[in-house]
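Below, each chain spelled out in residue letters.
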Amino acid sequence: MAKTSYWLMKSEPDVYPFERLVKEKKTAWEGVRNFEARNNLRAMAVGDLAFFYHSNIGKEIVGVMRVSKAAYPDPSAKGEDWSVVEVEPVKALATPVTLAAIKADPALKDLQLLRRSRLSVVPVSAEHWKRVLGLAKTKV
DNA sequence: GCCAACGTTGGC
DNA sequence: GCCAACGTTGGC
């Protein structure tokens, strides 16, 4: 069993909020049109965990999800070289972790969310993962 | 609604 | 292969 990797994926809540993922039980993470984000998707393995971040509205990490199917061609981009993964909800955070809270925490200053703010799929280190869960008062 | 950051595209 | 122009993302 390979070591679990951690990620953070962004969605605008008026396009696809975490609550909808909870309701639908799983979704294909479509629409990534950035090479680096795509490569991150392709690096994911089944069982990897990811934070669900609401961009623009909310600007906070609201939940945790699990990769349930590894990368395969994006059905919304036929004939083009894009990928999606399938994810399923794990749980909502007891306390959402806001962007402001992340910025205010020196331990999280190197979080890729801050350093690469425009990238929609970024890796998260195990240390940062634990730290964010601590702030969220949530166990996974 | 504005603007900064930055990835992508296309001309040379 | 460089670089300017352009488009998109996302915070404020």
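Everything below is about the structure shown above.
Residues numbered from 1 in each chain as written. Chains lettered and ligands numbered in written order. Predicted model: local features only at pLDDT ≥ 70, side-chain atom pairs only at ≥ 80, totals over all residues. Heavy atoms only, no water.

> Help me get a handle on the pairing of strand β3 (residues 49-54), residues and values and all.
Counting buried positions over the six residues of β3 gives six, a clear majority of the element. Neither face of β3 is open: one carries Leu 49, Phe 51 and Tyr 53, the other Ala 50, Phe 52 and His 54, and all of them are buried. As paired strands, strand β1 (residues 6-11) and β3 are joined by six bridges and run parallel to one another. The residue bridging Leu 8 from the neighbouring strand is Phe 51, located in β3. In this sheet, strand β4 (residues 60-73) lies alongside β3 in antiparallel orientation, the contact comprising six bridges. (Buried < 20%, exposed > 50% of the residue type's maximum accessible area, 1.4 Å probe, protein only. Helix = DSSP H or I, 4+ residues; strand = E, 2+ residues; numbered from the N terminus. Pairing = 2+ DSSP bridges.)

> Quick one: what's the story with the protein's contact with DNA strand B, residue by residue and with numbers?
What surrounds DNA strand B is the set Asn 34, Phe 35, Arg 116 and Arg 118. Here, DNA strand B places atoms within 4 Å of the protein, and 71% of those atoms are sugar or phosphate. Note that a phosphate oxygen of DNA strand B is positioned 2.9 Å from one of the side-chain N or O atoms of Arg 116. Here a base oxygen of DNA strand B and a side-chain polar atom of Arg 118 are 3.1 Å apart. (Near = heavy atom within 4 Å. Polar contact = N/O pair within 3.5 Å; in protein donor to acceptor, adjacent residues only side chain to side chain.)

> Before we move on, can you summarise the protein's contact with DNA strand C with the specific residues and values?
What surrounds DNA strand C is the set Lys 10, Tyr 53, Ser 55, Asn 56, Lys 59, Leu 99, Lys 103, Ser 117 and Arg 118. The sugar and phosphate moieties of DNA strand C supply 69% of its atoms located within 4 Å of the protein. One of the backbone nitrogen or oxygen atoms of Asn 56 is found 3.1 Å away from a phosphate oxygen of DNA strand C. Separating a phosphate oxygen of DNA strand C from a side-chain N or O atom of Lys 103 is a distance of 2.5 Å. In terms of residue class, the surface near DNA strand C is built from two nonpolar, three polar and four charged. (Nonpolar A, V, L, I, M, F, W, Y, C, P; charged D, E, K, R; others polar.)

> Lay out the packing of aromatic side chains in plain terms, naming residues and giving numbers.
One pass over the structure, following the stated rule, counts five aromatic pairs. Consider the rings of Phe 18 and Phe 52, whose centres lie 5.3 Å apart with planes at 70 degrees: the pair is edge-to-face. In this pair, Phe 18 sits in helix α1 (residues 18-24) while Phe 52 sits in strand β3, placing the two residues 34 residues apart along the sequence. The same class applies to Phe 18 and to Phe 52, which are both buried. Judged by centre distance (5.3 Å) and plane angle (75 degrees), the rings of Trp 29 and Phe 52 are edge-to-face. Of this pair, Trp 29 sits in the loop between β2 (27-28) and α2 (35-43) while Phe 52 sits in strand β3; the two residues are 23 residues apart in sequence, bridging distant segments of the chain. With respect to burial, Trp 29 and Phe 52 carry one shared label: buried. We note Lys 69 situated over the ring of Tyr 72; from NZ or CZ to the ring centre the distance is 4.5 Å. (Phe/Tyr/Trp six-rings, centres within 6.5 Å; stacked < 30°, edge-to-face > 60°. Lys NZ or Arg CZ within 6 Å of the ring centre and 35° of its normal.)

Everything listed is a geometric property; what it means functionally is a separate question.
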